[in-house]
Amino acid sequence: MTEAQQTPEWPRPYWQPGSGEDALLQFFVFGKFDPQELVIPARRYGSHGLPGGVDLKRFQNLELRKWEGYPLSGTLGEIMRDEAPEAYEQARIAPEVLVVHGQLKDSPSLDYLRDTLGVLAALLDIGGRVVLDPQIMGLLDAAAWRERYLVQGGAPPRNHVLILRSDEPDSDRSWVHTRGMRKFGRPDLSFRRIPAHELDRAGALCEKLVEMQALGTRFAAGQALEVEGMQQSLVAQPGGSLDDPEFNNRHVEFRWPF
């Protein structure tokens, strides 16, 4: 049996071919590594190494700061400094940064993500101190990253996605949406005009749809979504673009029906 024919270790039971969407992975690992050669013990985490299409590049932190997209600067840097000041300081003073980045064709398994996470875990064993995931605006020190992602049986898709709530303008209703679904080659989710008494339901529904999409589900334009306890269905409205700053991705919107 060839590698391509092997049974996926993280299958996507709802996957269907033909979407044309790519998965995007991007992580920054700050730390101090062997000055000669990186020997990455990824197999101790069940990883086969970085999948095809995903690269690892090594930079001096001072040099990377000259890059226009340096992740510890600008708005993202301010968010990281406010929400994780200790991890931010560790990242700021780290001498080196390893950048893991790549795009992959939509796949019937999530083995590519599992293998990449195994490499990240291994990098924390050989000098990594902080991992930044810009897609979810998350900056975690080594201990926090391991607690979140090195879960027995695999971290659930919810751990890879950020769910946000904000007030709708000129309204007493809320907007709930996600960031991070590009890791799975799927649009992010947006729920508009949610009344206060429905926020718990909306949050639970959002988590469920995150998992369904991560495992391969797609929502077509006009598709009705029946929700237990609601008389009216939610209707899917795909839209947006990859450069939308609210999502850094396309999205599927659902408007609360009352």
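Scanning all chains against the criterion turns up 19 salt bridges. Here Glu9 makes a salt bridge to Arg114, at a shortest N to O gap of 2.6 Å. Of the two residues, Glu9 sits in the segment before strand S1 (22–31) while Arg114 sits in helix H4 (residues 111–125), which places them 105 residues apart along the sequence. Among the ionic contacts, a cluster of salt bridges with common partners joins Glu9, Asp111, Arg114 and Asp115.

One pass over the full model with this rule turns up 6 aromatic pairs. Centre to centre, the rings of Phe191 and Phe254 are 5.4 Å apart; their planes meet at 20°, and the pair counts as stacked. Residue Phe191 is found in strand S8 (residues 188–194), and its partner Phe254 is found in strand S12 (residues 249–255); the two are separated by 63 residues along the sequence. Among the residues examined, Phe254 registers a relative accessible area of 0% and is labelled buried.

Counting 50 residues, the largest nonpolar core has Phe191, Leu234 and Phe254 as its most contacted members. Per element, the largest residue contribution to this core is 9 residues, and it comes from H4. Every residue in contact with Leu234, bar those within four places of it in the chain, is listed here: Phe191, Leu205, Gln223, Ala224, Leu225, Val227, Phe254, Arg255, Trp256 and Pro257. Tyr70, Ala87, Val99 and Leu139 belong to the second largest nonpolar core, which has 16 residues in total.

So, about the sheet that holds strand S7 (residues 174–179). Read across the open sheet, the 5 strands follow the order S6-S7-S8-S12-S11; overall the sheet is mixed. A strand with exactly one partner marks an edge of an open sheet, and here the two such strands are strand S6 (162–167) and strand S11 (237–241). Each neighbouring strand pair of the sheet contributes to a mean axis angle of 25°, computed without reference to strand direction. Pairing geometry for S7 and S8, over 3 bridges, is antiparallel. Residue pairing across strands places His177 opposite Ser190, the latter belonging to S8. The strands touched by helix H6 (residues 199–214) within the sheet are S6, S7, S8 and S12, with S8 carrying the most contacts at an inclination of about 165°.

Structurally, Gln237 is set in strand S11. Judged by its relative accessible area of 41%, Gln237 falls in the partly exposed class. Sequence separation between Gln237 and Pro35 is 202 residues, and the spatial gap between their C-alpha atoms is 51 Å.

Taking 1.5 Å as the rise per residue, H6 with 16 residues should run 22 Å; its terminal C-alpha atoms sit 22 Å apart, in good agreement. When H6 is considered as a whole, its buried residues turn out to be Ala202, Leu205, Cys206, Leu209, Val210, Gln213 and Ala214. Along the axis of H6, the buried residues cluster in a sector spanning 165°; they form a single face. Projecting away from the buried face of H6 at angles above 90 degrees are the exposed residues Asp200 and Lys208. Contacts from the buried residues of H6 go to S6, S7, S8, strand S9 (224–225), strand S10 (234–235) and S12.

Turning our eyes to something else, we now look at H4. For H4, spanning 15 residues, the distance from its first C-alpha to its last is 21 Å, which sits close to the expected 21 Å at 1.5 Å a residue. Counting buried positions over the 15 residues of H4 gives 14, a clear majority of the element.

Rules and cut-offs
- Residues numbered from 1 in each chain as written.
- Predicted model: local features only at pLDDT ≥ 70, side-chain atom pairs only at ≥ 80, totals over all residues.
- Heavy atoms only, no water.
- Salt bridge = Lys/Arg side-chain N within 4 Å of Asp/Glu carboxyl O.
- Helix = DSSP H or I, 4+ residues; strand = E, 2+ residues; numbered from the N terminus.
- Phe/Tyr/Trp six-rings, centres within 6.5 Å; stacked < 30°, edge-to-face > 60°.
- Buried < 20%, exposed > 50% of the residue type's maximum accessible area, 1.4 Å probe, protein only.
- Core = buried A, V, L, I, M, F, W, Y, C linked by side-chain atoms within 4.5 Å.
- Contact = heavy atoms within 4.5 Å.
- Pairing = 2+ DSSP bridges.
- Axes fitted to C-alpha atoms, helices over the stretch in contact; angles between N-to-C directions.
- Expected span 1.5 Å × (residues − 1).
- Arc of directions from axis to C-beta.

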